[in-house]
Amino acid sequence: MGKASILLEFWEFLKVRKKFWLLPIVTVLALLGALLVLAQGSAVAPFIYTLF
């Protein structure tokens, strides 16, 4: 089971259950997670961690 199939299954869940309000929440959480992972080893990390 690949990442694409998980995204497709999530999209089908949103369409069938009419829960499109979950999409912005999941998107923001994914972007914050990616930001923390990418900034972990950089000089920007102390400034990002002060936001939280």
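Above this text is the structure in question.
Only a predicted model underlies this, so the values are computations on that prediction, with no experimental measurement involved.

Describe the overall build of the protein chain, naming the residues involved and giving the relevant values.
The secondary structure content of the protein chain amounts to three helices and zero strands. Ordered by position from the N terminus, the helices and strands of the protein chain form the series α-α-α. Among the 52 residues that make up the protein chain, the fraction classed as buried is 10%.

Run through a nonpolar patch on the surface, naming residues and quoting values.
Together, W11, F20 and L23 line one region of the surface with nonpolar side chains, adding up to about 270 Å² of accessible area. Here F20 shows up in the loop between α1 (3–17) and α2 (22–38).

I'd like a description of the packing of aromatic side chains, backed by residues and values.
In the structure shown here, the tally under the stated rule is one aromatic pair. Summarising the aromatic geometry, the rings of W11 and F20 are spaced 5.9 Å apart at their centres and angled 55 degrees between planes, so their arrangement reads as tilted. Owing to a relative accessible area of 38%, W11 belongs among the partly exposed residues under this scheme. Note on F20: relative accessible area 40%, which makes it partly exposed.

The rules we used
All residue numbers refer to position in the chain's written sequence, counted from 1. Totals for whole chains, interfaces and linings use every residue, but because this is a predicted model, local features are given only for residues with pLDDT of at least 70 and side-chain atom pairs only at 80 or more, for both listing and counting. Computation of side-chain values covers all heavy atoms of the structure but excludes hydrogens and water. Helix numbers and strand numbers start at the N terminus; a helix is a DSSP run of H or I with at least 4 residues, a strand a run of E with at least 2. Only protein chains enter the accessibility calculation, which uses a 1.4 Å probe. A residue is then buried if its area is under 20% of the maximum for its type, exposed if over 50%, and partly exposed in between. Surface patches are drawn from residues lacking salt bridges whose relative accessible area is over 30%; two like charges belong together within 9 Å, two nonpolar side chains (Val, Leu, Ile, Met, Phe, Trp, Tyr) within 5 Å. Areas reported as accessible are Shrake-Rupley estimates using a 1.4 Å probe. Residue values count occlusion only from the protein chains shown. A carboxyl oxygen of Asp or Glu within 4 Å of a side-chain nitrogen of Lys or Arg is what we treat as a salt bridge. Centres within 6.5 Å make a pair out of two Phe, Tyr or Trp rings, where for Trp the six-membered ring is used; the pair is then stacked when the planes are under 30 degrees apart, edge-to-face when over 60, and tilted otherwise.

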